[in-house]
Amino acid sequence: MHYTEKTVEEIKIAYIGGGSRGWAWGLMSDLASCSDISGQVALYDIDLEAAKDNEIIGNLFRRAEGAASDWRYLAVRELKEALTGADFVVISILPGTFDEMESDVHAPEKYGIFQSVGDTSGPGGTLRAMRTVPMFEDIARAIQAYCPDAWVINYTNPMTICVKTLYRVFPRIKAFGCCHEVFGTQKFLAHMAEETFDVQNIDRHEIKVNPVGVNHFTWLTDALWRNIDLFPHYRSFCQKYRDGYRTGDQQIDSNWMNNSFTSTEKVKMDLFLRYGWIAAAGDRHLAEFCPGKWYLENPERVSEMQFGLTGVAWRKKDLEERLAKSRRLRNGEEQVKINGTGEEGVNQIRALLGLCDLVTNVNLPNRGQIPNLPLGAVVETNAVFRSGSLTPVLAGPVPREIYPLIARICGQQELLSEGIAARDLNAIFSVFANDPLTTCSLADARSLFGEMCASTKEYLTMYDLSADF
C-alpha cells in the first residue's frame, strides 16, 4: 500500500468467490464510487470462467459514469496467487450448488418442516454448515500461510459457523463477519420515527442501536433517534400495525411459497409485543430461530404472518437471469452502473486504513462483549473500526426475557461447530435433531438427516456417511 496525504493507493484485495454474480458486482460498484482508496482486486473462484467474466466486468467500472477511483481486476487460477500480498480478503462463496441447497430447503418439507431461508438455522443450516466448514478450514490455512496480517471480511452463511472456523484454525486471524439485517431494522425504525414525529427522510444511520445476539437472530437493547428513546414509540407502532406494515405502495406477493423477499414485519413486531425487545433481522430469518410451530408450522401460517418462503426454484431462475446479465455486461450489451449497495464493507476498509472512524455491527468471537453468552462463541454486536484496529463494543448481557431463546441457539451453534470440526456425525445429528425447527419424531429426524446427507454426499467426502448415527 502507498499512503498519500488524503488517499491510500495500491491496496490489494483478494476476493474468494470472485466469480459471484451478485456480491462481487456490488463490491465493484462501492469501490468505484470511493475516491480515497484504489488498487487491485484478485478474483479467485473454483469457476475460473466466472472469475474471468468478472475481471472484464470489474474493469468496465473504471470507465463507468461516476467512477471516482481506479481499481484493476484480475482473475487468478490459484488461491495462493490471490492471497499473496493481500491487505484485505473478502469471502463470499456458495458452498455447493443450488441442487444441494434444494435438498437443504425442501427435503424437510415431507416431514412437515418448512424453512424460509435454509442457510443458517434449521435442518438446512446444519447441512450447509457441514459443506462449508471444510472449505473454510482450507481458506483459513491459506490465509495463515500467504497473508497472515490481512483483514478478512466474511459474507458467507452460516455466518457464525464460518467465522468460528476461521478463528479455530488460525487463532491470530483478523476476521469479522458482516451482515446487513440490522440495517433493515434501522430502516424500519426510521419509517416508524418519520410517522411518529412527522418528519421525512430519516437516514438509517441516524437510528443509534445496541445489537446483541447471534447472526440472523440479533436483538436491540437500545434504539435512539436524536437521543429520543424509541422503545415506547415502537410499542405503540407495533400495536397499531400488528396486522402488518407496508411502506408506500409496497406490494406483497400472495404466493408465499414463491420466494417473496418482502414482508409486512409481522414476525418482528409480534416478537417485540411478546418480549419487549426489538428483534433486529428480517422476518424470514427470525422465524427460523423460533420454535417451528410459531411462524413456520405450514405455508398457511407463513401466509398469515405475511413473509416469504424462499424456494430454491426461484433462486435457480434468479441465477439464470444473473448469468444472462453477466453475459450482457461482459459483451458490452449492457452498461455497468455505479449504485451504492448500502453495505458497510468499503467503509470498514477505509476505517481500518485510517481514513475514517466507523461503528457498525459485526460478528466476532465473544471476548466479554455479551457477558452472559459463552466466551469464544461468535456473537453479533457493534464494534469500533479505527486505523489498524477493530474493537467490539461492550453490549451488555442478553436480557433475561429473550435469554432462553438466544442461549439455546448459541449453544447449538457451539456444539455444531465442534461436531463438524471432529467430523462426528453423532454430535452433528444431536444438533440437527434438537433444532427448534425439527418438529418431527426422532426416528423421522434420523431418516431425514440420512436423506439430506445422501443428497449432498459429493461435498461430504470427509465424513464417514456409512456410520450409524
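Reading the values: rules and limits
- Residues numbered from 1 in each chain as written.
- Predicted model: local features only at pLDDT ≥ 70, side-chain atom pairs only at ≥ 80, totals over all residues.
- Heavy atoms only, no water.
- Helix = DSSP H or I, 4+ residues; strand = E, 2+ residues; numbered from the N terminus.
- Buried < 20%, exposed > 50% of the residue type's maximum accessible area, 1.4 Å probe, protein only.
- Polar contact = N/O pair within 3.5 Å; in protein donor to acceptor, adjacent residues only side chain to side chain.
- Contact = heavy atoms within 4.5 Å.
- 1 Å grid on protein atoms, 1.4 Å probe; cavity = no way out; pocket = protein on both sides within 12 Å on 5 of 7 lines; lining within 4 Å.
- Points joined across faces, edges and corners; volume = space filled by probe spheres on them.
- Nonpolar A, V, L, I, M, F, W, Y, C, P; charged D, E, K, R; others polar.
- Core = buried A, V, L, I, M, F, W, Y, C linked by side-chain atoms within 4.5 Å.

### Examining the side chain of asparagine 154
The residue asparagine 154 is located in strand β6 (residues 151–154) in this model. Classification of asparagine 154 by relative accessible area gives buried; the value is 0%. From its side chain, asparagine 154 meets the backbone oxygen of threonine 156 in a polar contact 3.0 Å long. Once you skip the residues sitting within four places of it in the chain, asparagine 154 turns out to touch Ile91, Phe136, Met159, Cys162, Val163, Phe176, Gly177 and Cys178.

### Some remarks on the layout of surface pockets
Considering only enclosed or pocket space, the second largest pocket measures out at about 210 Å³ in volume. Secondary-structure elements contributing two or more residues to the lining of the second largest pocket are α1 (23–32) and α13 (312–330). Ranked by the residues each element gives to the lining of the second largest pocket, the list is headed by α1, at three residues. Taken together, the residues that form the lining of the second largest pocket break down as five nonpolar, five polar and three charged.

### Concerning the environment of aspartate 357
Locating aspartate 357 in the fold gives a position in the loop between α14 (345–352) and β12 (358–365). The exposure class of aspartate 357 is exposed, given its relative accessible area of 56%. Considered as a pair, aspartate 357 and asparagine 347 are 10 residues apart in the sequence and their alpha carbons are 8.7 Å apart. The contact partners of aspartate 357, leaving out residues within four places of it in the chain, are Phe385 and Arg386.

### So, the nonpolar core
Grouped together as the largest cluster of nonpolar side chains are 72 residues, with contacts concentrated most on Ile37, Val89 and Phe176. Residues Met130, Ala287, Ile370 and Val398 belong to the second largest nonpolar core, which totals 54 residues.

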